[in-house]
Number of protein chains: 2
Amino acid sequence: MSNLLNFSVAPAVEATEAPPIPRAQAWGVEYLENPTYGELLGLSQGVPKSAPHESVLKALSEFSADPLSAKYGPILGETKLREAYAEEIKIQYQIKNGEGNVKGEDIGITTGCNMAFLTLIMALCPPGKSSVLIPLPSYFNQMMVFSLQSVKPIFIPCDTLNSFKPSISSAREYLNSSDRKTENVKPKMICLVSPNNPTGSVYSHEEIKEWYELAKEFKLALILDETYRDFVEDDNGDRGIPHRLFEEADWRETLVSLGSFSKGYRIPGHRLGSIIAGPALLKHLTTICDCMQICAPRPPQIALSTLLPSLRPDLAESSKALSKRRNLFKEVVNSVEGWNVVSIGGYFAYVSFPSDYTFASSTIGLKRKKLGSEDIAKILATRIGVVTLPGSFFMPPTSDDEVWENDVLKGGEILKEDKWLRFAVANVEDDVVIKLGPRLKEMNKLMGMGE
Amino acid sequence: MSNLLNFSVAPAVEATEAPPIPRAQAWGVEYLENPTYGELLGLSQGVPKSAPHESVLKALSEFSADPLSAKYGPILGETKLREAYAEEIKIQYQIKNGEGNVKGEDIGITTGCNMAFLTLIMALCPPGKSSVLIPLPSYFNQMMVFSLQSVKPIFIPCDTLNSFKPSISSAREYLNSSDRKTENVKPKMICLVSPNNPTGSVYSHEEIKEWYELAKEFKLALILDETYRDFVEDDNGDRGIPHRLFEEADWRETLVSLGSFSKGYRIPGHRLGSIIAGPALLKHLTTICDCMQICAPRPPQIALSTLLPSLRPDLAESSKALSKRRNLFKEVVNSVEGWNVVSIGGYFAYVSFPSDYTFASSTIGLKRKKLGSEDIAKILATRIGVVTLPGSFFMPPTSDDEVWENDVLKGGEILKEDKWLRFAVANVEDDVVIKLGPRLKEMNKLMGMGE
């Protein structure tokens, strides 16, 4: 079979790196060929562990059997689902009457949240002429979208000593800089993910509000990717309020909130996401969505449209359970010498590994040298059976000087330390978290610590 | 509520027209408020009339209830479905061994065929630098994609006197022209839809092969949108072979075939489409699809992966029934004075209305003038209760001189006659087709014919 093409592929597409998840999964497979310490601990993927709620499975089954669900539906989603979801948002965000609002007509249903994000980038960012301000580390699928669409990411460095919060002063300085104003590439949006992927960092309302004001000041959109919003906790570990921006009377002029049904309702394979935005923007998103999806899959839309209120207790319970698991995770990891949970929330924890990892060449087959996160993640997976994602998957290559000099804002150099791993804590039960402690100790031994 | 945005929308998106289908549907609603001639005859949408096969509904229901389907699946689709679908393709195209082949690894599963098309355009056409050769009239969703992605369509005029076949000589002349070679915008692909939307024109293997050779010669991709391939008929009205390009040893270097599960299997609401291409291209499409869909919805993929062989008799039967319905349609329409089926196949018929439509101002409230297809479609829907789509929905505006001068190739002027309507014949039973005859006669009366 020929591997050649008679025609050319777009350079931006050629230059976009393949999704990295399969690479990490291959490391796990390598461990399984020689499982020294017992079962593989899969902590790499941000997916829900449990099955969907029984009532959801039942309704999915029922409406999939209905010939009506097999027909095309409205481009931006079933009206009933849009209205029901608006109600859930009002309750979760505790939106008081008369202080802004979220209505069904402010909601668009997409085939998953990645599609929602791509749609937004297509809608606001002319290729080759746009930039997006986004915290670094960044979710790789978003970086891939920038690359595919020839949109330049301007990376706002996160504060490694303060739960990986992005530096608003660096962003403000950049937006005010005179150099920036002469560029052909113009910033179109600030994009935040809270709770964050990959760091797990959860931004407070006050922090998000500051970004909102910055976006307003510079005529930018504020895109909040709230895929993990169902797992924001209050002081008691209960489900909390992600932010209060929907109470702003004019939120529709600046804010776009992206969401997913995959996490809270545990149905990623059914593919449903959401966009909350003003009708003035949704009008344009309708045009794009018509070309991209025609409509999101109907059976899960119809199934959920009547079920959402009844699933509130289930959401609350999942959120509480995950909150407990995160606490357990923190306790377990922080108790191992040299390992530190530097940021945690939602589905993820960002963890620094021991800074003095060196090792004997006889053990690993490599010379003594300082290892980056991909080396460590690979050793941890293939030798110890703990699959995580290296921090480097969420960064530009440390060797790409041009990006680091031009596109990473002030204060970003420290991120080159490349000493973090992303652990997904939602996809496992507590017993896996408990097993993690001894494994990390084995890793320390393997890496020659305490010798 | 404010309708203003604090940020700017991409000019290409602002400039893209909204999907036109809702406009035509609104005409039908207007008729229903005063239904003079009986029920509304909906002949506008290319959707299957019947429910999915019982076994499909059963399997959809079963696998939607399975928690496994709720998890993420492989980016390019379930391996079993890809393999099973390759088998169906081999049978439908009667691919003989040793003469090329189609394997599971040549197939990607997308969330519908619109997504497959958009993915292809993103993969091959850098925005602002690319053009695509495509027959005129063109499917509006494809024209919307070009507009959104700043890709320039070069319109190959169809021969209105020969079943709306696109003029290969015009295309060849354009590709050979010296003017063309100095342009910054380079042709990347030839895109054909067969059976065609909107004209219903079905291209023979020999015709398609000529386009394939032209694409090869000029280092272009040949994109065949074969959404309606299940409804190609042989001389007996049975399901036929769409073309024999898959027998070419090197088809993977030039050909990309798009398909849909929505029509043959009657499940548009479940959203499944397909791309058949070589692995060298699918590698890049994987990257785009990961950012767009992560994976197509899983329950319909899993449901179909075991059912496809058993559905062959159902496909054959649907194809035969539609073939008969098209014949009936042709007979009914051609028997009405001034109405002519000029092209028919797959889901659609392209029909010219009487050239001498003039009318008394007292009847319609308009002055005597020559009316375009949108006027006629609107009158036919709102007054007579027959909803179709006007040919103008599939054309650049006749007033857009720049497009007609620069982007429509030689021989296109005749299309400005704007005297055609698209009838969708798949969404109705024979009794509706029979009712159409008297309605068109009423239309003739209303328009003052024979007075």
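The rules behind these values
- Residues numbered from 1 in each chain as written.
- Chains lettered and ligands numbered in written order.
- Predicted model: local features only at pLDDT ≥ 70, side-chain atom pairs only at ≥ 80, totals over all residues.
- Heavy atoms only, no water.
- Pairing = 2+ DSSP bridges.
- Helix = DSSP H or I, 4+ residues; strand = E, 2+ residues; numbered from the N terminus.
- Salt bridge = Lys/Arg side-chain N within 4 Å of Asp/Glu carboxyl O.
- Buried < 20%, exposed > 50% of the residue type's maximum accessible area, 1.4 Å probe, protein only.
- Axes fitted to C-alpha atoms, helices over the stretch in contact; angles between N-to-C directions.
- Parallel < 35°, antiparallel > 145°, perpendicular 65-115°, else oblique.
- Left-handed = near helix turned anticlockwise from the far one by under 90°.
- Contact = heavy atoms within 4.5 Å.
- Nonpolar A, V, L, I, M, F, W, Y, C, P; charged D, E, K, R; others polar.
- Least-squares fit on C-alpha atoms with pLDDT ≥ 70 in both.
- Expected span 1.5 Å × (residues − 1).
- Domains from an automatic or database assignment.
- Buried area = accessible area lost by both parts, 1.4 Å probe.
- Right-handed = clockwise from strand over helix to strand, strands pointing away.
- Arc of directions from axis to C-beta.
- Polar contact = N/O pair within 3.5 Å; in protein donor to acceptor, adjacent residues only side chain to side chain.
- Phe/Tyr/Trp six-rings, centres within 6.5 Å; stacked < 30°, edge-to-face > 60°.
- Patch = residues over 30% accessible without salt bridge, like charges linked within 9 Å, V, L, I, M, F, W, Y side chains within 5 Å.
- Areas by Shrake-Rupley, 256 points an atom, 1.4 Å probe, with all protein chains shown as cover.
- Lys, Arg positive; Asp, Glu negative; His and termini not counted.
- Charge placed at Lys NZ, Arg CZ, Asp CG, Glu CD.

**Student:** Tell me what's going on with the sheet that holds strand S10 (residues 340-345) of chain A, and back it up with residues and numbers.
**Tutor:** Residue and element names in this part refer to chain A. On the basis of which strands lie adjacent, the open sheet formed by 4 strands has the order S10-S11-S14-S13 and antiparallel pairing. Two strands close off the open sheet at either side, each with one partner strand: S10 and strand S13 (389-390). Alignment of strand S11 (residues 348-352) against strand S14 (residues 420-424), held across 5 bridges, turns out to be antiparallel. Of the residues in S14, the one forming a bridge with Ala 349 is Phe 423.

**Student:** So what about the pattern of salt bridges? Which residues, and what values?
**Tutor:** Residues and elements named next belong to chain A. Overall, the coordinates contain 48 salt bridges over all chains when judged by the stated rule. Among the ionic pairs, Glu 78 bridges to Arg 298, the shortest N-O distance being 2.6 Å. Placement of the pair is Glu 78 in the loop between helix H3 (54-64) and helix H4 (79-92) and Arg 298 in helix H11 (residues 298-307), with a sequence separation of 220 residues. For the pair Glu 78 and Arg 298, one class covers both residues: buried. Ionic contacts of the salt-bridge type, sharing partners, join the residues Glu 39, Asp 431 and Lys 435 into one network.

**Student:** Let's hear about the packing of H3(A) against H11(A): which residues, and what values?
**Tutor:** Residues and elements named next belong to chain A. At their nearest, the axes of H3 and H11 sit 8 Å apart, and the two run at 130 degrees to each other. Viewed along their axes, H3 and H11 adopt a mutual orientation that is oblique. The handedness of the crossing between H3 and H11 comes out as right-handed. Along the contact surface, H3 presents Ser 55, Val 56, Ala 59, Leu 60, Phe 63 and Ser 64, while H11 presents Pro 299, Pro 300, Ile 302, Ala 303, Leu 304 and Leu 307. Here the contact of H3 with H11 is built from residues that sort into 10 nonpolar, 2 polar and no charged.

**Student:** An account of the relation of the copies chain A and chain B is needed here, citing residue identities and associated values.
**Tutor:** In screw terms, the move from chain A to chain B is a rotation of 180 degrees and a rise of 0.0 Å along the axis, fitting with an RMSD of 0.0 Å. Expressed as an axis order, the relation between the two copies is that of a two-fold axis. No C-alpha of chain A lies nearer the rotation axis than that of A:Ser61, which sits 2.1 Å from it. With an isologous cut-off of 70% or more, the 100% of interface residues of chain A that recur at the interface of chain B puts this contact in the isologous class.

**Student:** An account of helix H12 (residues 312-334) of chain B is requested, with residue identities and associated values reported.
**Tutor:** The terminal C-alpha atoms of H12(B) lie 33 Å apart, and with 23 residues this matches the ideal 33 Å at 1.5 Å per residue to within 8%. The complete set of buried residues in H12(B) reads B:Asp314, B:Leu315, B:Ser318, B:Ser319, B:Leu322, B:Ser323, B:Arg325, B:Arg326, B:Phe329, B:Val332 and B:Val333.

**Student:** Which residues make up the domain arrangement of chain A, and what values do they have?
**Tutor:** One frequently used descriptor of interface size is the decrease in accessible area upon assembly of the parts. Residue and element names in this part refer to chain A. When cut into domains, chain A gives domain 1 (14-50 + 315-446) and domain 2 (68-310). The C-alpha-based centres of domain 1 and domain 2 are spaced at 26 Å. At the junction of the two partners, domain 1 supplies 44 residues and domain 2 supplies 46 residues. A per-residue breakdown of the area domain 1 buries against domain 2 is headed by Leu 315, Phe 394 and Leu 409, which together make up 20% of the total. Seen at the junction of domain 1 and domain 2, the total is 4 salt bridges.

**Student:** Can you break down the pairing of strand S7 (residues 221-225) of chain B residue by residue, with the values?
**Tutor:** If a strand is regular, its side chains alternate between the two faces of the sheet. Residues and elements named next belong to chain B. Among the 5 residues that make up S7, 5 are buried, leaving the element largely enclosed by the rest of the structure. Judged by which residues are buried, S7 turns out to be covered on both faces: Ala 221, Ile 223 and Asp 225 on one side and Leu 222 and Leu 224 on the other are all buried. As judged from the 5 bridges shared by strand S6 (residues 186-193) and S7, these two strands associate in the parallel manner. Following the sheet pairing, Ile 190 is matched in S7 by Leu 222. Handedness of the crossover joining S6 and S7 through helix H9 (residues 205-217): right-handed. Summarising the sheet, S7 and strand S8 (residues 255-260) pair through 4 bridges and their orientation is parallel. If you follow Ile 223 over to S8, its bridge partner there is Val 256.

**Student:** Outline helix H7 (residues 168-176) of chain B, listing residues and values.
**Tutor:** Residue and element names in this part refer to chain B. The set of residues buried in H7 consists of Ile 168, Ser 170, Ala 171, Tyr 174 and Leu 175. Within H7, the buried residues cover an arc of 160 degrees as seen down the axis, which keeps them to one side. Looking at the buried side of H7, the elements it contacts are strand S3 (130-136), strand S4 (152-159), strand S5 (165-166), helix H8 (178-181), S6 and H9.

**Student:** Before we move on, could you go through the sheet that holds strand S2 (residues 107-110) of chain B and cite the residues and values that matter?
**Tutor:** In sheet architecture, strand pairing relies on hydrogen bonds along the backbone and comes in two forms, parallel and antiparallel. Residues and elements named next belong to chain B. An order of S2-S9-S8-S7-S6-S3-S4-S5 is seen for the 8 strands of this open sheet, with the pairing classed as mixed. Each having just a single partner strand, S2 and S5 make up the two edges of the open sheet. Together, S2, S8 and strand S9 (273-276) form the strand contacts of helix H10 (residues 279-292), whose direction differs from that of S2 by roughly 20 degrees.

**Student:** Describe the interface of chain A and chain B, naming the residues involved and giving the relevant values.
**Tutor:** Every contact between the two is made by 86 residues of chain A and, on the other side, 86 residues of chain B. For the chain A and chain B pair, buried surface summed over both sides reaches about 6,800 Å², with 63% attributable to carbon and sulfur atoms. Seen at the junction of chain A and chain B, the total is 26 residue pairs in polar contact (both at pLDDT 80 or more). Of all the elements in the fold, those that place two or more residues in the side of chain A that touches chain B are helix H1 (11-14), H3, helix H5 (113-124), helix H6 (140-148), helix H9 (205-217), helix H10 (279-292) and H11 of chain A. Residue contributions to the side of chain A that touches chain B peak at 9 residues, all from H10(A). For the side of chain A that touches chain B, a count of residues per class yields 49 nonpolar, 19 polar and 18 charged.

**Student:** Tell me about the packing of aromatic side chains, and name the residues and values.
**Tutor:** Counted under the stated rule, the structure contains 34 aromatic pairs over all chains. Ring centres 4.6 Å apart and planes at 40 degrees place the aromatic pair B:Tyr85 and B:Phe261 in the tilted group. Of this pair, B:Tyr85 sits in helix H4 (residues 79-92) while B:Phe261 is found in the loop between S8 and S9, placing the two residues 176 residues apart along the sequence. By relative accessible area, B:Tyr85 is classed as buried at 5%. Through a chain of ring-to-ring contacts, three or more aromatic side chains come together here, namely A:Tyr228, A:Phe231, A:Tyr347 and A:Phe348.

**Student:** Outline a negative patch on the surface, listing residues and values.
**Tutor:** On the surface, a cluster of negative charge is contributed by A:Asp401, A:Glu402, A:Glu405 and A:Glu413. Along the chain, A:Glu402 falls in helix H15 (residues 401-406).

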